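Single-letter residue listing:
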Amino acid sequence: MRRLLPLLLIGVFSLVGKVSSQEMAVPTQKPVLIELLRIQHEIPGLGYFLLLEDPLDSTLVQNSGFKWTRYDSGWVSGIKEDFTLLGAVDSDTVSSRLNFTILSEPVADSVAVQYISQLVSRGDIDLPLAQDGPQEDLVSYALKSPYAPVYGNRFSFTADLKIFIVTGIILTFFVFSISMFIVMLVVKSRKSKKEALEKEYDQMVVDPLTNLLFEKDLDEIRKMTEADFESFFPKHLLQDLVYREVLIDRIIGLNKKMKGEFKEKLKTLYNRLGLAKVSVGKIKLSQWHIVAEGLVEINEMDLFEYLPEVKNLTNSSNFQVRSLAVSAMLNLSEKSDLSFLRDQTYPLSQWQQMKYLRIIKFVSQQRSLKIEMLFESKNKSIRIFGYKLVRILGRIDLLEMLSSMAPNLEDEEKAELLKTYLELGAHMEVDFVNSCLESKNPRLLMQAVKAAKVLGDESTLEILLGKVAEEREFTTKLQIMRSIHELDKSRFEQFISEYGNSDSDLLRVRDHILDPRLANV
Amino acid sequence: MYSFLFFLILEVVGWIFLALSFGVILVYMTMMILSSLELRDYLRKNQFTDYGDIITSPIAPGVSMLAPAFNEGQTIVQNVKSLLSLHYGKFEVVIINDGSKDDTLEKLIESFELEKTSFAYNSDIETKPVRGVYKSRNMSYRRLVVIDKENGGKADALNTGINVASMELLACIDVDCILSSDSISRMVRPFMEETNRKVIAVGGVIGIANNCDVQDGTVTRYRVPESILGKFQVVEYFRAFLMGRMAWSRINALMLISGAFGFFRADIVRKVGGYFPKTVGEDMELVVRMRRYMHEQGIPFKIGFVPDLLCWTEVPESEEILSRQRNRWMRGTIETLQLHKQINLNPKFGAVGMLTFPYWTVLEKNGPILEVLGLVYTLVLLLVGDFSALYFFALLVMMYLLSLLVSSFSVLYEQLAFNYYKDKKDLKKLIWTILSEPFVIHPKVVWWGIKGHWDFVKGKGGWGSMIRQGFKSAEEKKALETESNTQ
């Protein structure tokens, strides 16, 4: 509102002159003015005289109130101040012959109007409304006196503009809403049509697929010609996008459920029907969701021959594409190591880690994966993922390597490493745990305290006892006391009896730790 | 001169109303576009998402489900059983008995074989005293923690739960909500997906359970409620969730996560001092304070939104209860906007400062007042004879059409994306509701909003002077508590 105020003020001042001049309401049209003056009878200082051409106007000449004098080309009346003398003579007839005077001096019509306006604005006179009403019928009177409201045309421009804007908005609004509605209806109708078509095609592909899978062996399928396939899957239908998609979905669905030779048969079919090329074509497009579809298809159908194309997408800027490409690489590549993952520049999200972990867990049972490669990555999130893999896959053989790297790692990595040491019971890393207990980073400290519970020794206990006396944060104090309890129960009790009276928290902490129902809380 | 000023004011006010009308249209049109883009992207992403791994993955974060209960004796056991049966690997259910006067605690103790533990409760966030923390001796209920405390209201109960919760993520829910079995997996996904920014909270859609069939804690058949108020709320919830929140989520400017179903990162909630119990709009206030904290600390962050219908609740169908709810919502909105007024039109707070906050201030908070002023303005125009019927009806038609358009689109979004209400009769009912809402329900909603304003002015609820003064920083709430503790 404060910002709008200057704009409002500008608007206000620009309108002032216009509005104040409209308060007088003195008609500028001469016949209307004469009519008004006739009703007014007299206005101080304002007079008039008439000029007539030959021959004399009979009505005016008959009016005895005027004193006519001859001049060059006609007659001139004397100056009069009483406008009722004009009698019932038509104002239009009079207006061209009437000339105004102010203090007996002839003046222009506009000067006379201005003079009357000034008298009105000063309050010297009041212009009355017609008391007796028009003498003629209302229609002809209205025709002579066009409607002029008191506040008429006050803001004529703005009033027009407002209605113009509203009309404009309504029109834009209509166009916009109608087009949005049309788009939505088209989308819905297309969707319904596609669903119906998919249903129809789905029924069409089930029988040929079943026949091929259960009635022909793998060699027979391999030897089939294009003409043979044509009888199962007509070529014109294979060119239909929806049909192709339905067929792809069906084959992938079956591939997920089947094993052994059936899988091979499905893959052969997928290749022979040109669907593999369709999948590869998809990953070359720019729309991410289509690329992702292609990647899923390549992954599901084990199309390892297209791995070079997939590898190009492992560092894509799109999260979904990148994730699916790495998943496909992990699944399909029997020879490739984890270098494509090591070289990723984008941070690895927890979601991606979870997906990759599932695949790596499965693949690592079949072949050796060089997880240690991930420790060399320039990407911190990849390195951390590497430490997690060591922990989850139980790779104790890599602990030595981690141990040599540990002192130079960032705090976040150290915390992850501590979790790994704790999980794998790496008691030889007690020095590292002790060094982390001195950290100022609360997350690292907390992790070290948890690790100390299992991996700590006498020296760790001393550090923890020193720390708990200084610790103010309740949760950390609880964790430290829990670790002390695990390391040496008698020292724990001794500490409580020594400091329990001065620190009431300690007694509560003791009860908490000793309550078996709260072992994990 | 006075008449000039009067007419000038009329003219200026007319222009302001015109600008407002234009602004409303522009805002809603933009929201429609943004929400449709967001919904499209969400549906596309969902095509490639498999939620199977998350249930057992060691990488998935743990979730503490916090559910305050006050006099819920009749339904508490069934509700807790339903919560314990959710499909997720690492989670705990924390029920906070907020000083119930009925047998809520007794029923819990009896049904879940609970025993009072020696839990060392620590008020990191200040709360009313805790009388006891209970755990079950039966391993089947190992995930359940019950806290018994003195009554202090919903925010206070949630703060108690936050103090006890042990997982990375907090899910704050209403105990009587019906949750879909995969609700945790779906809500956790945005927290796990983001790479460059920290996801601090994720909001979900609330569905209306009135008149629906519920079996084994899941809605099995959707039906539109019978009452006009119930139907109106179906349309309103679609508008709010599928359009409003999706649109704000698109530009990472979401300012409200429903108190009935919201997920938060526990460390950030603790850093800002938890819920503010002195406001009736504690859900919105927490989200705004968390946003503010992240901005003030300069940490890149995001608030996510999941448009899948994962949570259902019964909405009030009586006018009296609904009016009280709307009154409370309005006061909550005013209080939050007042507490964080420093955000308004402040570019430091990004899209929230420049878009969402002004939107809430002008349209959500002041909307009812502006509508009444518009009515008064029309009456004044009629009295002074400056009323233009053409102009008035043009504006009226314009706003009515806008209302129809926005509501229809919300329902259409739902039909295209999720299609929960499959019966054509239900669709017809919703269309009639959309057509009649501006005349039948909207005036009442405006009136309830005005009453909310009036109650706020009178100082009903809330923490009067503090709220008017506002927080100078997101962490100021913690300082306030420390002061009150030491006094």
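These numbers were taken from a predicted model, which means no experiment stands behind them.

Rules behind the numbers
- Residues numbered from 1 in each chain as written.
- Chains lettered and ligands numbered in written order.
- Predicted model: local features only at pLDDT ≥ 70, side-chain atom pairs only at ≥ 80, totals over all residues.
- Heavy atoms only, no water.
- Salt bridge = Lys/Arg side-chain N within 4 Å of Asp/Glu carboxyl O.
- Helix = DSSP H or I, 4+ residues; strand = E, 2+ residues; numbered from the N terminus.
- Buried < 20%, exposed > 50% of the residue type's maximum accessible area, 1.4 Å probe, protein only.
- Contact = heavy atoms within 4.5 Å.
- Buried area = accessible area lost by both parts, 1.4 Å probe.
- Polar contact = N/O pair within 3.5 Å; in protein donor to acceptor, adjacent residues only side chain to side chain.
- Nonpolar A, V, L, I, M, F, W, Y, C, P; charged D, E, K, R; others polar.
- pLDDT = per-residue confidence, 0-100.
- Phe/Tyr/Trp six-rings, centres within 6.5 Å; stacked < 30°, edge-to-face > 60°.
- UniProt positions renumbered as here; feature names shortened; annotations may be inferred.
- Pairing = 2+ DSSP bridges.
- Axes fitted to C-alpha atoms, helices over the stretch in contact; angles between N-to-C directions.
- Expected span 1.5 Å × (residues − 1).

A. Broad picture of the pattern of salt bridges. Residues and elements named next belong to chain A. All chains considered together, the criterion is met by 55 salt bridges over all chains. A salt bridge links Lys267 to Glu305; the shortest N-O distance between them is 3.8 Å. Highlighted residues: Lys267 in helix H12 (residues 260–272) and Glu305 in the loop between helix H14 (288–300) and helix H15 (307–311), separated in sequence by 38 residues. The class for Lys267 is buried, based on a relative accessible area of 13%. A relative accessible area of 37% places Glu305 in the partly exposed class.

B. Seen up close, the interface of chain B and chain A. Contacts between chain B and chain A engage 60 residues on the former and 60 residues on the latter. Interface area, chain B with chain A, both sides summed: about 5800 Å², of which 73% is carbon and sulfur. It is B:Phe48, B:Ile59 and B:Leu416 in chain B that bury the most area against chain A; as a group they hold 13% of the surface buried on that side. At the surface where chain B touches chain A, the tally comes to 3 salt bridges. Between B:Asp53 and A:Arg358 there is a salt bridge, with its nearest N and O atoms 2.8 Å apart. At the junction of chain B with chain A, the criterion picks out 14 residue pairs in polar contact (both at pLDDT 80 or more). Among the secondary structure elements, those contributing two or more residues to the side of chain B that touches chain A are helix H1 (2–47), strand E3 (114–116), helix H5 (183–193) and helix H12 (389–417) of chain B. At 17 residues, H1(B) tops the list of elements feeding residues into the side of chain B that touches chain A. Looking at side-chain class alone, the side of chain B that touches chain A contains 35 nonpolar, 12 polar and 13 charged residues.

C. Geometry of the confidence of the model for chain A. The predicted model of chain A averages 83 in pLDDT, with 86% of residues at 70 or higher. In the model, residues 1–24 of chain A has pLDDT below 50 throughout and makes 19 contacts with residues more than four positions away in sequence or in other chains.

D. Focus on the packing of aromatic side chains. Residues and elements named next belong to chain A. Within the structure shown, the criterion is met by 24 aromatic pairs over all chains. Judged by centre distance (5.2 Å) and plane angle (85°), the ring pair of Tyr201 and Tyr243 falls under edge-to-face. Remark: Tyr243 occurs in helix H11 (residues 241–257) and Tyr201 occurs in helix H7 (residues 156–215); sequence separation between them is 42 residues. Between Tyr421 and Phe432, the ring centres sit 5.7 Å apart and the planes meet at 90°, which makes this aromatic pair edge-to-face.

E. The arrangement of the UniProt feature "domain: Glycosyltransferase 2-like" (unreviewed entry) in chain B in detail. Sequence positions flagged by UniProt for "domain: Glycosyltransferase 2-like" (unreviewed entry) are, in local numbering, residues 66–206 of chain B. End-to-end, the C-alpha atoms of residues 66–206 of chain B are 17 Å apart, and along that stretch the chain is 28% helix and 31% strand.

F. Seen up close, the sheet that holds strand E2 (residues 91–98) of chain B. Residues and elements named next belong to chain B. The strand order across the open sheet built from 10 strands is E3-E4-E5-E2-E1-E6-E11-E8-E12-E7, with neighbouring strands paired in mixed fashion. Whereas interior strands pair on both sides, the edge strands pair on one side only; in this sheet they are E3 and strand E7 (178–179). Summarising the sheet, strand E1 (residues 63–69) and strand E6 (residues 169–173) pair through 4 bridges and their orientation is parallel. Directly across from Ser64, in E6, lies its bridge partner Leu170. Packed onto the sheet, helix H2 (residues 76–84) meets E1, E2, strand E5 (144–149), E6 and E7 and runs at close to 160° relative to E2.

G. Up close: H12(B). Between its first and last C-alpha, H12(B) extends 41 Å over 29 residues, near the 42 Å set by a 1.5 Å rise per residue. Two residues or fewer past H12(B), B:Asn419 is found with a positive phi of approximately 55°.

H. Broad picture of the environment of A:Asn271. Residues and elements named next belong to chain A. Here Asn271 lies in helix H12. Among the residues examined, Asn271 registers a relative accessible area of 31% and is labelled partly exposed. Considered as a pair, Asn271 and Lys194 are 77 residues apart in the sequence and their alpha carbons are 25 Å apart. Discounting chain neighbours no more than four positions away, the residues touching Asn271 are Ala276, Leu303 and Glu305.

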